[in-house]
Each structure stands twice: as structure tokens, then as C-alpha cells.
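Overview (structure and organization)
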Amino acid sequence: MGARGELFTTQIYLDNRSYFFNVKENRTGDVFLQIVESKNRDGVEADRHQIAIFAEDMQKFLQGLEKSLDYVEKDRKQRQKAAKEKKAEKEAKYGSGKKIYRVKSDKNGKSEKRADDGIKRTGKVIHIVSKKSDSE
């Protein structure tokens, strides 16, 4: 038995978090799983949270975890399906690969007609065309 009653330990690193899965035995001989989350915070001491699941409760805990994972997977598939349907609906309405641009209108609802002054206006950014081709 290791330090502080540890029988087994494993660690997983994800971005700015670490997860420790420690199997431990307490003074009375009870075996439990300790899950510790350690999160780094901008050079300050790490934020740590832990839970303990005793051996007799592990099956119920795993059943709850399995149900949660099944829900997450089912929800992910539904969201993917909805996104595909929305994309197909949009392509059916506008055609694939075509971009639709709105034309700004004046106060009366009429579109502005501007003379070609060599300035390409695309919203907030103005692109100045330095050379005009003869074909325009």
C-alpha cells in the first residue's frame, strides 16, 4: 500500500485541468475511488475538487455515469442531424455555393444607385480598387 492508503492511481491531462483517479483504502479497510480535478489558474495555486465513491456504491455510480454518457451521445447525434437538415434546407432555398448579399436602401425603401467611383463597399470595410480593368 502506498502513501495515504493509495492502492492504485492514474492521471489524465486535459488543457488546463488534470484528473486523478485514485483507488484508496481507509483505516477501517474500506476501499473507495477518489476522483480529483485540479485546475490551473493563472499562476495562482491550483483549484482542486474531489469526490469519493465507496466500493459498495460503484455499480450505482457507474450506472448513472453510463446513462449520462448515453444521453450526451444521443444529444450529439440529434444536433448533428438537425444541423444537416438545416444546411440542406438552406441549400434548397438558396442553392449551394451561392452567397446572398443584401443591398442597402435609403429611407424610402429604394435601393441606392451609385456611380462607379472605383470604391468597392462591402459593409464596414471599404476596399479601394487601384486599377480598373478595361472590360468593365
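Summary of the structure given here. This is a predicted model, so every value here is computed, not measured.

**Quick look at the sheet that holds strand 4 (residues 44–54)**
With antiparallel pairing, the four strands of this open sheet are ordered in space as 1-2-3-4. In the strand order of this sheet, the two ends are held by strand 1 (6–14) and strand 4, each with one partner. Sheet twist, expressed as the average angle between the axes of neighbouring strands with direction ignored, equals 15 degrees. Sitting on the sheet, helix 1 (residues 58–94) is in contact with strand 3 (31–41) and strand 4, with an inclination near 115 degrees to strand 4.

**As for the side chain of Asn 22**
With respect to the helices, strands and loops of the structure, Asn 22 is situated in strand 2 (residues 17–25). In this structure the side chain of Asn 22 is engaged in a polar contact, spanning 2.3 Å, whose partner is the side chain of Thr 9. Once you skip the residues sitting within four places of it in the chain, Asn 22 turns out to touch Glu 6, Phe 8, Thr 9, Phe 32, Leu 33, Gln 34 and Val 36.

**Considerations on the pairing of strand 3**
Relative to strand 3, strand 2 runs antiparallel, the two being bridged by nine bridges. Within the sheet, the bridge partner assigned to Tyr 19 lies in strand 3 and is Glu 37. The hairpin turn running from strand 2 into strand 3, its antiparallel successor, is five residues long, and Gly 29 in that turn takes a positive phi close to 95 degrees. Across nine bridges, the pairing between strand 3 and strand 4 is antiparallel. Residue pairing for strand 4: Gln 34 is matched across the bridge by Ala 52. Between strand 3 and strand 4, which pair antiparallel one after the other, the connecting turn spans two residues, and Asp 42 there sits at a positive phi close to 40 degrees.

Cut-offs and rules
Residues numbered from 1 in each chain as written. Predicted model: local features only at pLDDT ≥ 70, side-chain atom pairs only at ≥ 80, totals over all residues. Heavy atoms only, no water. Pairing = 2+ DSSP bridges. Helix = DSSP H or I, 4+ residues; strand = E, 2+ residues; numbered from the N terminus. Axes fitted to C-alpha atoms, helices over the stretch in contact; angles between N-to-C directions. Contact = heavy atoms within 4.5 Å. Polar contact = N/O pair within 3.5 Å; in protein donor to acceptor, adjacent residues only side chain to side chain.

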